[in-house]
Amino acid sequence: MLSRDAEGNLYSPFSTYAIGRYSPAYELTGEVYPLESELAADTKLRALFPKVPADARAALVLYPLG
């Protein structure tokens, strides 16, 4: 199960995960970008993500079912 917030309000079943890069946009939220190796191998993906922020760091991204 994944919790919606730090206080444990609302839960959602785990659906899937991805390995990517995370860059914070605000204090506790941000965007996920593909890995450098994925961008190097896929020209269409590079077109979707032409600029990845310099502060993007490797991340394990967990996605809820709901």
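The numbers attached to residues start from 1 for each chain and follow its sequence in the written order. Thresholds applied to this predicted model are a pLDDT of at least 70 for local features of residues and 80 or more for the giving and counting of side-chain atom pairs; totals over whole chains, interfaces and linings are not thresholded and use all residues. In computing side-chain properties, one takes all heavy atoms of the structure into account and sets aside hydrogens as well as water.

## Side note on the environment of Ala18
Relative to the elements of secondary structure, Ala18 occurs in strand S3 (residues 14-24). When the C-alpha atoms of Ala18 and Met1 are compared, they prove to be 16 Å apart, with 17 residues separating the residues in sequence. We call two residues in contact when some of their heavy atoms are within 4.5 Å. Residue contacts for Ala18: discarding those within four places in its chain leaves Ala59, Leu60, Val61 and Tyr63. A run of DSSP states H or I qualifies as a helix once it reaches four residues; a run of E qualifies as a strand once it reaches two. Both are numbered from the N-terminal end.

## Thoughts on a nonpolar patch on the surface
For patches, a residue must show more than 30% relative accessible area and have no salt bridge; joins then use 9 Å for like charges and 5 Å for nonpolar side chains, namely Val, Leu, Ile, Met, Phe, Trp and Tyr. Surface accessibility follows the Shrake-Rupley procedure with a 1.4 Å probe radius. Residue values consider only the protein chains on display as shielding. Criterion for a salt bridge: a side-chain nitrogen of Lys or Arg within 4 Å of a carboxyl oxygen of Asp or Glu. Taken together, the side chains of Phe14, Tyr17, Ile19, Leu60 and Leu62 present a nonpolar region at the surface, about 530 Å² in accessible area. The set of elements that each furnish at least two residues to the nonpolar patch consists of S3 and strand S5 (57-64). By residue number, the principal contributor to the nonpolar patch is S3, which donates three residues. Tracing the chain through its elements places Leu62 in strand S5.

## Quick word on the packing of aromatic side chains
Side-chain rings of Phe, Tyr and Trp (the six-membered ring for Trp) are treated as a pair once their centres are within 6.5 Å; stacked means planes under 30 degrees apart, edge-to-face means over 60, and tilted covers the remaining angles. Applying the stated rule across the entire model yields one aromatic pair. On the numbers, 5.9 Å between centres and 75° between planes, the contact of Tyr33 with Phe49 is edge-to-face. Residue Tyr33 is found in strand S4 (residues 30-33), and its partner Phe49 is found in the loop between helix H2 (43-48) and S5; the two are separated by 16 residues along the sequence.

## Here's the deal with the sheet that holds S3
Each strand in a sheet pairs with its neighbour through backbone hydrogen bonds, running either in the same direction (parallel) or in the opposite one (antiparallel). For two strands to be treated as a pair, DSSP must find at least two bridges joining them. Here three strands make up an open sheet; going across it, the order is S4-S3-S5 and the pairing antiparallel. In this open sheet, the two strands that pair with only one neighbour each are S4 and S5. Averaged over all pairs of adjacent strands, the angle between their axes in this sheet comes to 55°, without regard to strand direction. Relative to S4, S3 runs antiparallel, the two being bridged by four bridges. Across the sheet, the residue bridging to Ser23 is Glu31, located in S4. Angles run from 0 to 180 degrees between N-to-C directions of axes, and those axes are lines fitted to C-alpha atoms, restricted for helices to the stretch in contact.

## Observations regarding the pattern of salt bridges
Inspection of the entire model under this criterion finds one salt bridge. Taking the shortest distance from any N to any O, the salt bridge between Arg21 and Glu36 comes out at 3.5 Å. Residue Arg21 is located in strand S3, and its partner Glu36 is located in helix H1 (residues 36-41); the two are separated by 15 residues in the primary sequence.

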